[in-house]
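# Structural description and commentary
Read off the chains here:
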Amino acid sequence: MKHLPLPVTGLVVAAALALAACSKSPDPATPAAPRAATSATAKAPQDGTDTADGIAWKKASSDADIEAAFATARAESKPVFLYWGAKWCPPCNQVQATLFNRQDFIERSRAFVPVYVDGDSPGAQKLGTRFRVSGYPTMVVLKPSGEEMTRLPGEVDPSRYTELLNLGMNAARPVKAVLADALAGGQLLKPNDWRLLAFYSWDTDQTQVLGKDEVAPTLAKLAAACPEGQPETAMRLRLKALAALDAKTPASADLAARPAVLAAVADPARARDVADLLVNFSEPIVRALAASGTPERTESLATFDAALQRLEADATLSRADRMQALIARIDLARIDLPEPVAGKPAPAPRLPEPLLAHVREEVARADREITNGYERQAVITSAAYLLEQAGLGTESDALLKANLARSHSPYYLMSGLAGNAKRRGDNAEALRWYREAFEKSEGPATRLQWGASYLAALVDLAPADEAAIEATTVQLLREAASQPDAFEQRSGRSLQRVGKKLQGWGQGGAHAASMTRLRGELDTLCAAPGRSEADRAACKSLLTPAAKATA
């Protein structure tokens, strides 16, 4: 699922994937879908309330909390369902609005020990390192012994999520072992083993099963090896393989895959089966299927756009997924736009007026009809991104500003306003919104992430403002000093980003006095009591240029 670009932490978090990648609860205005009844209300995990008719979440922010949860799992012979999320994250809000309040999921939750790790709870980032989870949301199924079995995708249709949860809970072996057997020939694998691989959340794998560069070729091998009697599983693997290709260094167009892919996408029933992939990854899939300017690209674009129009009109999909289908159509319309040039306004697409009118209509409908806070956080941020991508930046700004007071995490929307201003070349307005977003951000990990984003904007857009850069850095370092897990996972990457930006800013002796003072402030952070040797080493490296490799 795509939303406004958010502050990054070392890796670029593209307009967020529902992880991968990053407010849901059905309301009367949402078209009815053929799903299980949702009369019971699951308390949001951050409420910390166990309810008889909801999900009995065990909140965890320390190793002791986790060990207690596994002790319960062993005593009750149940697996553990670990949910890693954050209050501001739109995909997390989407999961809460469409999955955690479903009656079938609530009932199934009694068969596992549900554990919620809020990324902003004290010590949570250390748990993130332990379980190798980073992107919000990440959902992991583990044995009572602690062995990880599988990771579940956040973007999958909620109506089939319990089926996938059962697949993970009932798996005889972890996905890594299943993958090894599949690559060795797969003769003994059962259909559910192949489905486990096809529905595994490769976006949130964190290189546990495969290295980043291995994902696309490995999934392509799996698609080719999948038994003939499982065409839908094979197609899911094929589409994931195409989506995983690096757009910056794309492989040659997949000529062999194109006819089968286009046939599947053109078939309404088969396209509905992989709707989660089409609404989220159509642009990279089309890019991988056919080269720009070729008849094959034209055919692929037409086929995918027709499928996305059907999904837009499919009332069995959530409002967020239907909005994402429209975003995917705009992504396809922009597919051959030139890359943005630093310091210049981003190129805008030239879209047909009927399509622009449709975009405006759907955004206005969502803004008018959504009453649930979780759904609003998920859908309105997508709608603002949609407007901006369609070249309607002024309307995107207006939507975000109108929703600041209605959002439980307005700083996320402020980051969207900052990004919009930066793309149109209004640096002063961009910095104002980046600063306000940081000031309003909440939670230790989130504040480091938003602060790193503000500092990066200052260095990029106002490098001569030494006072602001120095003051912001000092504030971030002092906040980090109070956090025991400041060098773990997302928080650690935020600090690494700060260090990298400052090293570039001070390169060649520039801003020498400021850099000297900041190194002194950093020394205080590194020497703080309770830091491990690994933390101290990571701390000292922040403002120390990496040694150049020698031949």
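Residues numbered from 1 in each chain as written. Predicted model: local features only at pLDDT ≥ 70, side-chain atom pairs only at ≥ 80, totals over all residues. Heavy atoms only, no water.

The number of helices and strands found in the protein is 24 helices and five strands. Within the protein, the proportion of its 551 residues that are buried is 56%. (Helix = DSSP H or I, 4+ residues; strand = E, 2+ residues; numbered from the N terminus. Buried < 20%, exposed > 50% of the residue type's maximum accessible area, 1.4 Å probe, protein only.)

Under the counting rule described, the total for this entry stands at 35 salt bridges. A salt bridge links Glu 147 to Lys 143; the nearest nitrogen and oxygen atoms lie 3.5 Å apart. Judged by its relative accessible area of 35%, Glu 147 is partly exposed. For Arg 329, the salt bridge goes to Glu 312, with nearest N and O atoms at 3.0 Å. On the criterion of sequence distance, the pair formed by Arg 329 in helix α14 (residues 319-333) and Glu 312 in helix α13 (residues 295-312) is long-range, its members being 17 residues apart. (Salt bridge = Lys/Arg side-chain N within 4 Å of Asp/Glu carboxyl O.)

Attention now moves to the state of the cysteines. Taken as a whole and judged by the stated rule, the model has one disulfide. One disulfide in the model links Cys 526 with Cys 539; its S-S distance is 2.0 Å. Judged by the sign of its S-S torsion, about -90 degrees, the cystine formed by Cys 526 and Cys 539 is left-handed. Placement of the pair is Cys 526 in helix α23 (residues 512-526) and Cys 539 in helix α24 (residues 533-541), with a sequence separation of 13 residues. (Disulfide = S-S within 2.5 Å.)

Strand order in the open sheet made by the five strands is β1-β3-β2-β4-β5, with mixed pairing throughout. Only two strands of the sheet have a single neighbouring strand rather than two, namely β1 (58-59) and β5 (148-152). Where strand β2 (residues 80-85) lies against strand β4 (residues 138-142), five bridges are found, and the strand directions are antiparallel. When the sheet's bridge partners are listed, Trp 84 is paired in β4 with Thr 138. In the packing of helix α1 (residues 63-76) onto the sheet, contacts are made with β1, β2, β3 (113-118) and β4, and the angle to β3 comes to roughly 170 degrees. (Pairing = 2+ DSSP bridges. Contact = heavy atoms within 4.5 Å. Axes fitted to C-alpha atoms, helices over the stretch in contact; angles between N-to-C directions.)

It is worth spelling out the side chain of Glu 388 at this point. Take Glu 388: it is sitting in helix α16 (residues 373-389). By relative accessible area, Glu 388 is classed as buried at 13%. Not counting residues within four places of it along the chain, the set of residues in contact with Glu 388 comprises Ser 396, Asn 420 and Arg 423.

The residue Tyr 116 is located in strand β3 in this model. Sequence spacing of Tyr 116 and Gly 85 is 31 residues, and the spatial spacing of their C-alpha atoms is 7.7 Å.

Before going further, it helps to examine the environment of Ser 382. You can see Ser 382 is positioned in helix α16. C-alpha of Ser 382 to C-alpha of Met 323: the two residues are 59 residues apart in sequence and 7.3 Å apart in space. A polar atom in the side chain of Ser 382 sits 3.3 Å from the backbone oxygen of Ala 378. (Polar contact = N/O pair within 3.5 Å; in protein donor to acceptor, adjacent residues only side chain to side chain.)

Once that is clear, we can look at helix α18 (residues 410-423). Counted at 1.5 Å a residue, the expected span for α18 with its 14 residues is 20 Å, and the 20 Å between its end C-alpha atoms agrees. Among the 14 residues in α18, 11 count as buried, and that is most of the element. Taken as a whole, α18 has its buried residues at Tyr 411, Tyr 412, Leu 413, Met 414, Ser 415, Gly 416, Leu 417, Ala 418, Gly 419, Asn 420 and Ala 421. At its buried positions, α18 is contacted by α2 (90-98), α16, α17 (393-403), α19 (427-440) and α20 (444-461). Just downstream of α18 lies Gly 425, where phi reads positive at about 85 degrees. (Expected span 1.5 Å × (residues − 1).)

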